[in-house]
Amino acid sequence: MASTSLVFPSLQLQFPTQSSRKSPLFNSSSKRRHVRPISASVSEKSPSSSSVSANPPESDRTKSLPFKKIPGDYGFPIVGPISDRLDYFYNQGRDEFFKSRIQKYQSTVFRVNMPPGPTITYKSKVVALLDGKSFPVLFDVSKVEKKDLFTGTYMPSVELTGGYRILSYLDPSEPKHDKLKRILFYLLKSSRDSVIPEFHSSYTELFETLEASLADKGKANFVAANDQAAFNFLTRSLYGANPADTPLGVDGPKLVSKWVLFNLGPLLILGLPKFIEEPIIHSFRLPPFLIKKDYQRLYDFFYQSSGHVLDEAERLGVSRDEACHNLLFATCFNSFGGMKFQFLNMIKWIGRAGVGLHTRLAEEIRTAVRSNDGKITMGAMEQMPLMKSVVYETFRIEPPVASQFGRAKTDLVIESHDAAFKVKEGELLFGFQPFATKDPRIFERADEFVPDRFVGDDGEKLLKHVLWSNGPETESPTVGNKQCAGKDFSVLASRLLVVEFFLRYDSFEIEVAPSPLGAAITVTSLKRASF
């Protein structure tokens, strides 16, 4: 049973067992730590959660809200989906595409077509859920099916994943889902002692690369350096393998990025002229054979590096081949892709916040580490309330995964803040997470980056509305849900980046530009630690 406590826990990855007990993955000591709530230790007042009222029982809520017909329409076949796709990518852009329809229909729930549409798929009709109250129905696997919906209205060819439907595309009701998710839990648990030291090693290399580039050119490409550091960290910590010592060399990040393009191309803007992008990227799938050799190099590396995990897979009844394709996907698509987006987002938002926040973070982090014998430990990070809040705020304001999908298993009633809507069995539900996690009915100053939003009792109560992991931050992944198996691992890695950064630097300056896969960040200044 997932914890519903709103106290900030010491970050421990939990794994379901046959007896339903949970065992911690990461511990800062052999003794069980006493967990205490974090309290405000910063000058800026945390946003109040007074605007969030307690929800009455579901039956009472349904009665108190007026039933409305879901507004919107899908237009004529083929023409409607293509028109919506052009608005989404070019005429309006993603955010304005949704905002304009919210204004038009005066509703955060409406009918619309989602890309890519024809000719990749002719099933583009969705019911959009664009507020923090309706969005969570997408996590309830008793109400929605998640089969083949990881990328939404279309599914990439299984030729891109060795001929297998990977865990991300399986519904929890499918027997293989349980086994494959247990393999990922085993992988995370078996690597628990390597995470903190390997992160330090990999990101020290990143910092040295940035410093050398700044000294030579006066600026440094954070994206390329982060890609290499993230890939090295994941492979070293999870598999005990250093890519540079294998035939893969330093090519991992480049190969992964190409492979991801073949998976997600129909959903991306690459910056090409529209008359090229539309017919080539958004209307037809890139042929998998073009990436086959590159993917094989990745597969060979993971197969050779994950022997004990593949042994565990066989014990669970999963072939070594299928398990390896799932490990590759979980590491390269889910984890590496998540770190690519999240780390760039953190550097962007923290960089933009300026030297005032940088100084507060440096003081808090260094004080906590010094009080723990100069070591970065789980216990030390529990003494960093501002740092933890900053990480959660970046997950809230710009989630690494923007979209969630689910197909109604039965006739449903879905509620927004203002109305109740009837959804029929089989209809596809779509949630745009950045609107749900910036819902002004839940978060004050919802569009602002507020570093200490989650500090103190009021801040902690808002954690249930941080939804980046395909579930609330206050809940945990299990074999029976679709919450990210590496949820706590990702939060830990994000915290480690902030900690390592401000142990080494007092402040930094950046330039930010748009990019198809996250922000393009150039570091223009790094001020080494002076206290």
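The name given to the chain in an unreviewed UniProt entry is Allene oxide synthase, with the source organism recorded as Malus domestica. UniProt's Cofactor (unreviewed entry) comment on the chain is quoted here verbatim: "heme".

Peer 1: Explain the pairing of strand S7 (residues 403–408) residue by residue, including any values.
Peer 2: Note that strand S5 (residues 144–145) and S7 share two bridges and pair antiparallel. Bridging across to S7, Val 144 finds its partner in Ala 408. Alignment of S7 against strand S10 (residues 428–432), held across five bridges, turns out to be antiparallel. When the bridges of S10 are listed, Gly 406 appears paired with Leu 429.

Peer 1: Can you break down the sheet that holds strand S3 (residues 109–113) residue by residue, with the values?
Peer 2: The five strands lie next to each other as S3-S4-S10-S7-S5, forming an open sheet whose pairing is mixed. On the outer flanks of this sheet lie S3 and S5, each paired with one strand and no other. Pairing of strand S4 (residues 125–129) with S10, which is carried by three bridges, proceeds in the parallel orientation. By the bridge assignment, Leu 129 is partnered in S10 with Gly 431. In this fold helix H3 (residues 94–105) packs onto S3 and S10, with an angle of close to 130° to the strand it touches most, S3.

Peer 1: Can you explain the packing of helix H5 (residues 195–217) against helix H6 (residues 222–239)? Please cite residues and give values.
Peer 2: Where H5 contacts H6, the two axes come as close as 9 Å, and the packing angle between them is 160°. Taken together, H5 and H6 sit at an angle that is classed as roughly antiparallel. Between H5 and H6 lies a crossing whose hand is right-handed. Of the residues in H6, those in contact with Val 195, Glu 198, Phe 199, Ser 201, Ser 202, Tyr 203, Glu 205, Leu 206, Thr 209 and Leu 210 of H5 are Phe 222, Ala 225, Asn 226, Ala 229, Ala 230, Asn 232, Phe 233, Arg 236 and Ser 237. Residues that form the contact of H5 with H6 fall into these classes: 10 nonpolar, six polar and three charged.

Peer 1: Just give me the short version of the pairing of S3, but keep the residues and values in it.
Peer 2: Of all five residues in S3, five are buried, a share of seventy percent or more. Taking every second residue as pointing to the same face, both faces of S3 are buried, with Val 109, Arg 111 and Asn 113 on one and Phe 110 and Val 112 on the other. Bridge count for S3 against S4 is five bridges, and the pairing is antiparallel. From the neighbouring strand, Val 112 faces S4, where its bridge partner is Val 126.

Peer 1: Can you lay out the pattern of salt bridges for me, pointing to particular residues and giving the numbers?
Peer 2: Under the definition given, this model contains 32 salt bridges. Between Glu 211 and Arg 528 there is a salt bridge, and its shortest N-O distance comes to 3.4 Å. Of this pair, Glu 211 sits in helix H5 while Arg 528 sits in strand S12 (residues 520–528), and the two are 317 residues apart along the sequence. Judged by relative accessible area, Arg 528 falls into the partly exposed class, the value being 46%. Put simply, Arg 315 and Glu 312 hold a salt bridge, and the shortest N to O gap is 2.8 Å.

Peer 1: Go over the nonpolar core, please, and point to the residues and values.
Peer 2: Counting 116 residues, the largest nonpolar core has Tyr 203, Trp 259 and Leu 361 as its most contacted members. Top contributing element to this core by residue count: helix H11 (residues 320–353), with 16 residues. Apart from residues lying up to four places away in sequence, Tyr 203 is in contact with Asn 226, Ala 229, Ala 230, Phe 233, Met 339, Phe 343 and Leu 497. Counting 19 residues, the second largest nonpolar core, distinct from the first, contains Val 137, Ala 408, Ile 414 and Val 423.

Peer 1: An account of the packing of aromatic side chains is needed here, citing residue identities and associated values.
Peer 2: Scanning the model with the defined rule gives 40 aromatic pairs in all. With a centroid separation of 5.7 Å and an interplanar angle of 20°, the aromatic rings of Trp 349 and Phe 449 are classed as stacked. Placement of Trp 349 in helix H11 and of Phe 449 in the loop between helix H15 (433–436) and helix H16 (456–461) is noted, with a sequence separation of 100 residues between them. Taken together, the aromatic side chains of Tyr 88, Phe 89, Tyr 90, Phe 97, Phe 98, Phe 405, Phe 430, Phe 432 and Phe 435 make up a single cluster linked through ring pairs. Arg 101 extends its terminal NZ or CZ atom over the ring of Phe 97, reaching a point 3.9 Å from the ring centre.

Peer 1: Quick rundown of unusual backbone geometry? Include the residues and the values.
Peer 2: Put simply, Pro 115 and Pro 116 share a cis peptide bond, and its omega is 15°. Of note, Pro 116 is situated in the loop between S3 and S4. The amide bond that connects Pro 118 to the next residue, Thr 119, takes the cis arrangement and shows omega of 0°. Along the chain, Thr 119 turns up in the loop between S3 and S4. A positive phi is found at Arg 445, a non-glycine position, where the angle reads about 50°.

Peer 1: Give a description of the sheet that holds strand S6 (residues 220–221) that names residues and reports values.
Peer 2: Strand order in the open sheet formed by three strands is S6-S12-S11, with antiparallel pairing between adjacent strands. Edge positions in the open sheet fall to S6 and strand S11 (505–513), since each of these has one partner strand only. Sheet topology note: the S6/S12 ladder contains two bridges and is antiparallel. Looking across to S12, one finds that Ala 220 is bridged to Val 523. Lying over the sheet, helix H17 (residues 487–504) contacts S11 and S12, oriented at roughly 120° with respect to S11.

Cut-offs and rules
Once a new chain begins, its residue numbering starts again from 1 and follows that chain's sequence as written. Residues qualify for local features only when their pLDDT is at least 70, as the model is predicted, and side-chain atom pairs are given and counted only at 80 or more; totals for whole chains, interfaces and linings, by contrast, use all residues. The basis for every side-chain value is the complete set of heavy atoms in the structure, and neither hydrogens nor water enter the calculation. UniProt positions are given in the numbering used here, feature names are shortened, and annotations may be inferred rather than shown by experiment. By this definition, two strands are paired if DSSP reports at least two bridges between them. Under the scheme used here, helices are H or I runs from DSSP no shorter than 4 residues and strands are E runs no shorter than 2 residues, and both carry numbers assigned from the N terminus. Residues count as neighbours in contact if any of their non-hydrogen atoms are within 4.5 Å of one another. Orientation is described by lines fitted to C-alpha atoms, with helices fitted over the stretch in contact, and by angles between N-to-C directions that extend from 0 to 180 degrees. Angular relationships are summarised with four words: roughly parallel below 35 degrees, roughly antiparallel beyond 145, roughly perpendicular across 65 to 115, and oblique for the angles in between. Less than a right angle of anticlockwise turn of the near helix away from the far helix marks a crossing as left-handed, whereas a clockwise turn marks it as right-handed. Under the scheme applied, nonpolar residues are Ala, Val, Leu, Ile, Met, Phe, Trp, Tyr, Cys and Pro; charged residues are Asp, Glu, Lys and Arg; polar residues are all the others, including Gly. The classification of residues rests on relative accessible area computed with a 1.4 Å probe and restricted to protein chains. Under 20% of the type maximum is buried, over 50% is exposed, and intermediate values are partly exposed. Criterion for a salt bridge: a side-chain nitrogen of Lys or Arg within 4 Å of a carboxyl oxygen of Asp or Glu. What makes a nonpolar core is a set of buried Ala, Val, Leu, Ile, Met, Phe, Trp, Tyr and Cys residues whose side-chain atoms join them at distances within 4.5 Å. In this analysis, rings of Phe, Tyr and Trp, with Trp reduced to its six-membered ring, are considered paired at centre separations within 6.5 Å, and the interplanar angle assigns stacked below 30 degrees, edge-to-face beyond 60, and tilted for intermediate values. Whether a charge lies above a ring is judged from NZ of Lys or CZ of Arg, which has to be within 6 Å of the ring centre and within 35 degrees of the ring normal.

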